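The chain contents come next:
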Amino acid sequence: MSELTLVTGGTGTLGSLVVARLRAEGVPVRVLSRREHPSGDGVEYVAGDLSTGEGVEAALRGIHTVVHCAGTQSGDEDKARTLVKAAIAADVRHIVNISVVGAERIPVNGVLDKAMFGYFAMKLGTERIIAESGVPWTNLRAAQFHTLVLTVMRAMAKLPVLPLPTGFVMQPVDADDVAARMTELALGEPAGLVEDIAGPTVYGMAELTRGYLARTGKRRPILPIRLPGRAAKAFRAGANTAPEHATGKRSWEEFLTAELA
C-alpha cells in the first residue's frame, strides 16, 4: 500500500505510534494537527482543527485512508461529522476509527451516568456517524491504555485518601499494541466492526491501585465508594473489559516497570 494516509491526532499517544508504524511499512503519511510541525521523513504535517473545521478539507485532499485517532473528553461526535463531510468530498476510500471497549454496553442515560461515563456514549455516537457516512469504514474498540491508568493512579496518589469505586475492573492494554492493530487495519480493506483489543489480564481496581502504591513506595489509605447508576453497575459487571479478546501483548506489570525505572 502506497496511498497517502491521513492520521488525525497524529501527535498524540496513539496517533504518534500509528504514524511511526505506517512509515515503517513505507506508507506516506499526512498528519492533521492543531499546531504547526515541521514535515520530514515521509510525514507531512498540516494544520487543521476538527472542532472548527478550519483546514480539514485541505488536509483530506488526495487522501485514500484516514486513521482517526483524534479524541478528547467532549465534542468527538461533532468532530466526526466534520471529518466525514470532508472525507466524502475528497472521495476517501477508508476510515479506520478507534473507539473504546464497552461503548455499546455501558448504558448512559441519567444525569449521573452522563457526568461520569458520558465518554462511552460519545464514542458510540462517533462510531455511528462514521458507519452511516457512506464512506467504507473499520472500527476497533480498545480497552483503556496503560498510560491512562498510570495517569489516573498518579493523580489519585496525590490525595491524602484514595477514593476507590468498589467492584470496578479494568483490562488495560498497551498503546503500541493498539497502534500495531490499527496499522494492520489501515493496510487492509474496510472491515466494519472488528474484534475488540484488550490487555492480557483483567484486574480489579483495588489490585491495580495497591500494586501502583507498592511499586512507588507510597502509603495511602483507601476509601471504598460504591457508585450509583446503571453505568457503574455495568462497570462492576466488567462491561468495559473483553476477556475473550485479550490479544494485547504487553502486560501492565511490564509497562509499569519500564515507566517507573
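Rules behind the numbers
What you see as residue numbers is a count from 1 along each chain, following the sequence as written. Owing to the predicted nature of the model, reporting of local features is limited to residues with pLDDT of at least 70; listing and counting of side-chain atom pairs is limited to 80 or more, with chain, interface and lining totals taken over all residues. Side-chain numbers here rest on the full set of heavy atoms in the structure, without hydrogens or water. Secondary structure elements are taken from DSSP: a helix is a run of H or I of four residues or more, a strand is a run of E of two residues or more, and numbering for both begins at the N terminus. Radius of gyration: over C-alpha atoms. The globule rule applied is 2.2 Å multiplied by the number of residues raised to the 0.38 power. Throughout, exposure labels follow a simple rule: accessible area from a 1.4 Å probe, protein chains only, divided by the maximum for the residue type, with under 20% read as buried, over 50% as exposed, and the rest as partly exposed. Contact definition: two residues touch when any of their heavy atoms are within 4.5 Å. To count toward a patch, a residue needs a relative accessible area over 30% and no salt bridge; like charges are then connected within 9 Å, while nonpolar side chains (Val, Leu, Ile, Met, Phe, Trp, Tyr) are connected within 5 Å. Using a 1.4 Å probe, the Shrake-Rupley method yields the accessible areas, and only the shown protein chains count as cover for residues. For salt bridges, the criterion is a side-chain nitrogen of Lys or Arg within 4 Å of an Asp or Glu carboxyl oxygen. Here, the term right-handed applies to a crossover whose path from the first strand over the helix to the second runs clockwise when the strands point away from the viewer. Pairing between strands is defined by DSSP: at least two bridges between the two strands are required. What counts as a ring pair is set by centres within 6.5 Å for rings of Phe, Tyr and Trp (its six-membered ring), and what kind of pair is set by the plane angle: stacked under 30 degrees, edge-to-face over 60, tilted for all other angles. By nonpolar core we mean a set of buried residues, namely Ala, Val, Leu, Ile, Met, Phe, Trp, Tyr and Cys, connected to one another through side-chain atoms within 4.5 Å. Orientation is described by axes fitted as lines to C-alpha atoms, over the contacting stretch for helices, and by angles from 0 to 180 degrees between their N-to-C directions. An angle counts as roughly parallel when it lies under 35 degrees, as roughly antiparallel when it exceeds 145, as roughly perpendicular when it falls between 65 and 115, and as oblique in every other case. Helix crossings get a hand from a simple test, with the near helix turned counterclockwise from the far one by less than a right angle marking a left-handed crossing and a clockwise turn marking a right-handed one. Residues are grouped as follows: nonpolar covers Ala, Val, Leu, Ile, Met, Phe, Trp, Tyr, Cys and Pro; charged covers Asp, Glu, Lys and Arg; every other residue, Gly included, is treated as polar. Under this definition, polar contacts are N or O atom pairs within 3.5 Å; protein pairs additionally need one hydrogen-donor-capable and one acceptor-capable atom, and for neighbouring residues in sequence, both atoms have to be side-chain atoms.

Topic: the overall build of the chain
The secondary structure content of the chain amounts to nine helices and 11 strands. Against the compact-globule benchmark of 18 Å for 261 residues, the chain has a radius of gyration of 19 Å, which places it among compact chains. Structurally, the chain occupies a C-alpha span of about 55 × 40 × 35 Å along its principal axes. Taking all 261 residues of the chain together, 47% fall into the buried category. Taking contacts inside the chain between residues at least 6 apart in sequence as the whole, the part at least 24 apart equals 79%.

Structural notes on a nonpolar patch on the surface
The grouping of Val161, Leu223 and Ile225 at the surface amounts to a nonpolar patch, some 210 Å² of accessible area in total. If you trace the backbone, isoleucine 225 turns up in strand β11 (residues 222-225). Since its relative accessible area comes to 31%, isoleucine 225 is described here as partly exposed.

With respect to the pairing of strand β2 (residues 29-33)
For β2, a buried count of five out of five residues is recorded, marking the element as mostly surrounded by other parts of the structure. A two-sided burial pattern is seen for β2, the buried positions comprising Val29, Val31 and Ser33 on one face and Arg30 and Leu32 on the other. The β-α-β motif built from strand β1 (residues 5-8), the intervening helix α1 (residues 13-24) and the parallel element β2 has right-handed crossover chirality. In terms of strand pairing, β2 meets strand β3 (residues 43-47) through five bridges, oriented parallel. Within the sheet, the bridge partner assigned to serine 33 lies in β3 and is alanine 47.

Regarding the packing of aromatic side chains
Counted under the stated rule, the structure contains six aromatic pairs. Ring geometry for tyrosine 119 against phenylalanine 120: centres 6.1 Å apart, planes inclined by 85°, an arrangement best described as edge-to-face. Residue tyrosine 119 is classed as partly exposed on the basis of its relative accessible area, which comes to 29%. With a relative accessible area of 5%, phenylalanine 120 lands in the buried category.

Points about the pattern of salt bridges
According to the stated counting rule, one finds 10 salt bridges in the structure shown. Ionic pairing is found between aspartate 78 and arginine 81, a salt bridge with its closest N-O pair at 2.8 Å. With aspartate 78 and arginine 81 both in helix α3 (residues 76-89) and three residues apart, this pair spans about one turn of that helix. Accessibility expressed as a relative area gives 52% for aspartate 78, which makes it exposed. Residues aspartate 91 and arginine 93 are paired through a salt bridge, measuring 3.0 Å at the closest nitrogen-oxygen approach.

What about the nonpolar core?
Most often, soluble globular proteins keep nonpolar side chains buried together rather than apart. In terms of nonpolar packing, the biggest core is built from 30 residues, with Ile106, Phe117, Phe168, Met205, Leu208, Tyr212 and Trp252 touching the most fellow members. Where this core is concerned, the elements lending two or more residues are α4 (111-131), α5 (146-156), β7 (162-165), α7 (205-216), α8 (230-236) and α9 (252-259). Here isoleucine 106 is in contact with Phe117, Phe120, Ala231, Ala234, Phe235, Ala239 and Asn240, once residues within four sequence places are set aside. Counting 29 residues, the second largest nonpolar core, distinct from the first, contains Val19, Leu140, Ala175 and Ala186.

Let's talk about the packing of α5 against α9
Axis separation between α5 and α9 bottoms out at 11 Å; the angle between their running directions is 60°. Regarding the angle of α5 to α9, the classification is oblique. As for the relative orientation of α5 and α9, their crossing is right-handed in sense. On α9, the residues touching His146, Thr147, Val149, Leu150 and Arg154 of α5 are Trp252, Phe255, Leu256 and Glu259. Along the lines of polarity and charge, the residues of the contact of α5 with α9 split into five nonpolar, two polar and two charged.

Section: the environment of aspartate 76
Position of aspartate 76 relative to the elements: it lies in helix α3. Along the backbone, aspartate 76 and tyrosine 119 are 43 residues apart, and their C-alpha atoms lie at a distance of 9.1 Å. Sequence-distant contacts of aspartate 76, defined by excluding residues within four places in its chain, comprise Gly71, Met122, Lys123 and Thr126. A polar atom in the side chain of aspartate 76 sits 3.3 Å from the side chain of lysine 123.

Section: unusual backbone geometry
One non-glycine residue with positive phi stands out, namely aspartate 41, at about 55°. Here aspartate 41 is to be found in the loop between β2 and β3. With a relative accessible area of 74%, aspartate 41 lands in the exposed category. Positive phi outside glycine occurs at aspartate 91, with the angle close to 60°. Among the structural elements, aspartate 91 can be located in the loop between α3 and β5 (94-100).

On their own, these measurements won't tell you what the molecule is for.
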